[in-house]
Amino acid sequence: MKKEMKRIFLGMECHAPWPEELPKGRILAPEDRHVTLAFIGNVAFDQFMNHLKSIPLPPFSIGFTGAFNHCHFFPKKHPHVVAWEVDVKQRASELAHYQLNIESWLADGNYHVDSRDFLPHMTISRGHFHTDKWKKAFTPLPLTLSNLHLYESVGSSQYRPIWTHPIAAPFTEFEHTADIAFQVRGRNLDEIFDHALTALAFQCPEIIQFRDESTSPESLDEIIMKLNRIVGKTDAEVGTPLKAVSYHGELKKVEDYWEWEMIVDV
Amino acid sequence: MSDLKKLREGMYLLPQEGDMLVPGLVIGTEDLFREFELERPLDQVRNVAHLPGIVGHSIAMPDIHWGYGFPIGGVAATDAKNGVISPGGVGYDINCGVRLAVIDMPFRELKKKTQSELIHSIYRNVPSGVGQGRKKNHQLDDKDYQELIQKGARWSVEHHFGLPQDLEHTESLGVIEGGNLKAVTSHARDRGRKQVGSIGSGNHFVEIGEVQKIFHPEIAEAWGLKEGMIYVLIHSGSRGFGHQICQDTLDHFVKQGYEKGLPDKQLVAAPIQSSDGKRYFQAMAAAANFAFNNRQQILHYVRKSFAEVIGVRAEEVRQVYDVCHNIAKFEEHEVEGQLRKLCVHRKGATRSFGPGAEELAPIYKETGQPVLVPGDMGRASHILAGLGNPMTWCSCCHGAGRARSRHKSLKEWKSRDPVQYMATQGVTVVANNKRTIAEEMPDAYKDVDLVVEAVNKAELARMVARTRPHLVLKG
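Basis of the calculations
Residues numbered from 1 in each chain as written. Chains lettered and ligands numbered in written order. Predicted model: local features only at pLDDT ≥ 70, side-chain atom pairs only at ≥ 80, totals over all residues. Heavy atoms only, no water. Helix = DSSP H or I, 4+ residues; strand = E, 2+ residues; numbered from the N terminus. Expected span 1.5 Å × (residues − 1). Buried < 20%, exposed > 50% of the residue type's maximum accessible area, 1.4 Å probe, protein only. Arc of directions from axis to C-beta. Contact = heavy atoms within 4.5 Å. pLDDT = per-residue confidence, 0-100. Lys, Arg positive; Asp, Glu negative; His and termini not counted. Salt bridge = Lys/Arg side-chain N within 4 Å of Asp/Glu carboxyl O.

Student: Can you tell me about helix α2 (residues 92-108) of chain A, naming the residues and giving the values?
Tutor: All names here are of chain A. For α2, built from 17 residues, the straight-helix expectation of 24 Å at 1.5 Å per residue is met to within 8% by its first-to-last C-alpha distance of 24 Å. Where α2 is concerned, the buried positions are Leu95, Tyr98, Gln99, Ile102, Glu103, Trp105 and Leu106. Along the long axis of α2, the arc covered by the buried residues comes to 160°, so they all point the same way. Turned more than 90 degrees away from the buried face of α2 sit Ser93, His97 and Asp108, all of them exposed. Where α2 is buried, its residues touch β1 (5-15), β3 (34-44), α1 (45-52), β4 (64-74) and β7 (141-155). A positive backbone phi angle near 60° is found at Asn110, which sits one or two residues after α2.

Student: Describe the confidence of the model for chain B, with residues and values.
Tutor: On average, chain B scores 95 in pLDDT, and the residues at 70 or more come to 98%. For this predicted complex, the interface confidence score (ipTM) comes to 0.80, while the overall pTM stands at 0.89.

Student: Please provide a residue-by-residue account of the side chain of Glu103(A), values included.
Tutor: Looking at the element boundaries, Glu103(A) is found in helix α2. In this structure, Glu103(A) is buried with no salt-bridge partner, the nearest side chain bearing the opposite charge being Arg116(A) at 8.7 Å.

Student: Would you mind going over the pattern of salt bridges in detail, with residue names and values included?
Tutor: Residues and elements named next belong to chain B. Under the counting rule described, the total for this entry stands at 49 salt bridges over all chains. A salt bridge links Arg46 to Asp43; the shortest N-O distance between them is 2.9 Å. Of the two residues, Arg46 and Asp43 both sit in helix α2 (residues 39-48), 3 residues apart, roughly one turn of that helix. With a relative accessible area of 11%, Arg46 lands in the buried category. The shortest N-O distance in the salt bridge between Asp104 and Lys226 comes to 2.9 Å. Of the two residues, Asp104 is situated in strand β7 (residues 97-106) and Lys226 in the loop between α8 (217-223) and β9 (229-236); the sequence distance between them amounts to 122 residues. Residue Asp104 is classed as exposed on the basis of its relative accessible area, which comes to 57%.

Dropping the structure here:
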């Protein structure tokens, strides 16, 4: 019987406050945007699924926040891919370390391993494009990475998750009639602050420039005060639709992390 | 329908339970209650009933929805001597409010081209949207701040941003006494410096349209309202200045531990007679006076556009009234047969003094004050006359109230062009970004007709006229 072959790779879902307009190109749909951890290529699918049973699971249960910090064109000669570099800040080594684990595991199974250094990035467009226009259009944007997927390439720059290991998003928006509300997750107060700030930056990306790197917060009240100082500064300097983060909710322990219901007055 | 008990048409009792100091009072109709999620806002009504010194009821208007500590559409009066004052009972946008002006000219006489020129001229003259404000030479220095805080809207009129008669047709003559710049941080001043005379973002707007229907011909005549005539409605508040004052106070109150004993930290409140309570009132009054000036100057620039585009003189753009709907005010009301000084918190609620009220200009002393109730940008807004109902401390609703979150509305309109859709409904919408328009589409709001019907039934205010928008500038 002929083996079923699939073109597959492992990657994490990527979310950002995507710009409404982008330069011309074969732009990936928002739901297809991801950060590849390991490209595996065309493989016998059943055999790979058997190997997948031994995949080293990520040591983190909450995803990453960060920013796109650079626009790349691959390959350097005659580029056909526009990619935005992903900077996950303090957790860069955590991501890189896990990526290395995946590569070793693939090598153990005699699967393809990329010899180049890991450069976390998200492909945004393929095909023909004007590099100058993409360079000019690039602005740093906040981002989140969550859920680990085994993706199948189904053609036309579309990808289908065929296996998923859940990794909670650093925050998720939920319904609030008058204001904006988020479920913010983090392993400690620093992460809660960082993820809450990224949630605000999804509404108003300019806010990131006013991040205050001073002392670590010691309580939820301090987190709220710190966030509000940033909101106020942003409003005074460039304007923001956000009024303030309200003194709402408390930290709740969920598995190995904390959750906080953040409500933002707008 | 929760455990509400009908008291009379349009008025329901939320029974006192647990540590509530007073029962709740909910204005609405069964039709309206079926339309939206009531439980979370009602929990907030119950929470407000725990405020020390609260008198009468913790009150909810028919446009109630989930807010910060207090529900939006909430009213609570506390004893001025022994009660507390709560920034959450005023809201972040201190003295957010509405101003109405009319022009004695039928809207239908404006050709399509003129309508477009008019709204685009207003768009140029009145800064709107995130980060938009006045240029450097029009920014406030500390001397300006000092004066506008003392004088309220009169400061703008003295600086040629309006007419003296505007003041008489403004709630409290456009000034809340007791404002003090010393109670305001430099950070708040910096946030507001370039924002006076600008709309801001979110649900704030300038709207032009026609008076569509008159319900009460005598009052309409007394106020100079005619079917078909042009109206201008302005909705804005104290911008970043007020937001920062609210935030600074909340931070301070939380640090002082004033939330102890309250069921929700967001209700944090200081005794009115404490130095912290007095300081908040001074800062809040400063922000309220900033907001009166803000709407005064927006109207000035709207008048400028009317003059430029259709040659209408400033006096012909006649201000009907200006109301606050996020404010705490000291007022005297009768409590159990005795006149008492109360601090009335109206958060997403409008004062609705009835005929004979001391403060009102002679024209309104006869009729009750105008209560301005904006709906949404597609359907209608209402002009009511206050009845001074003592059950609600002479308060009424403030708008339609959101029925759907911004998030949901954005999703709903993601694949459609909201501007084009509004054009098919006969409304030209101009805004800095499409996102705001999508968030503010008419289907995100309750039907304002139902809200107004409820306050009419409960005898908080009577219906005078209904307006229909045609040109909208969104923040």
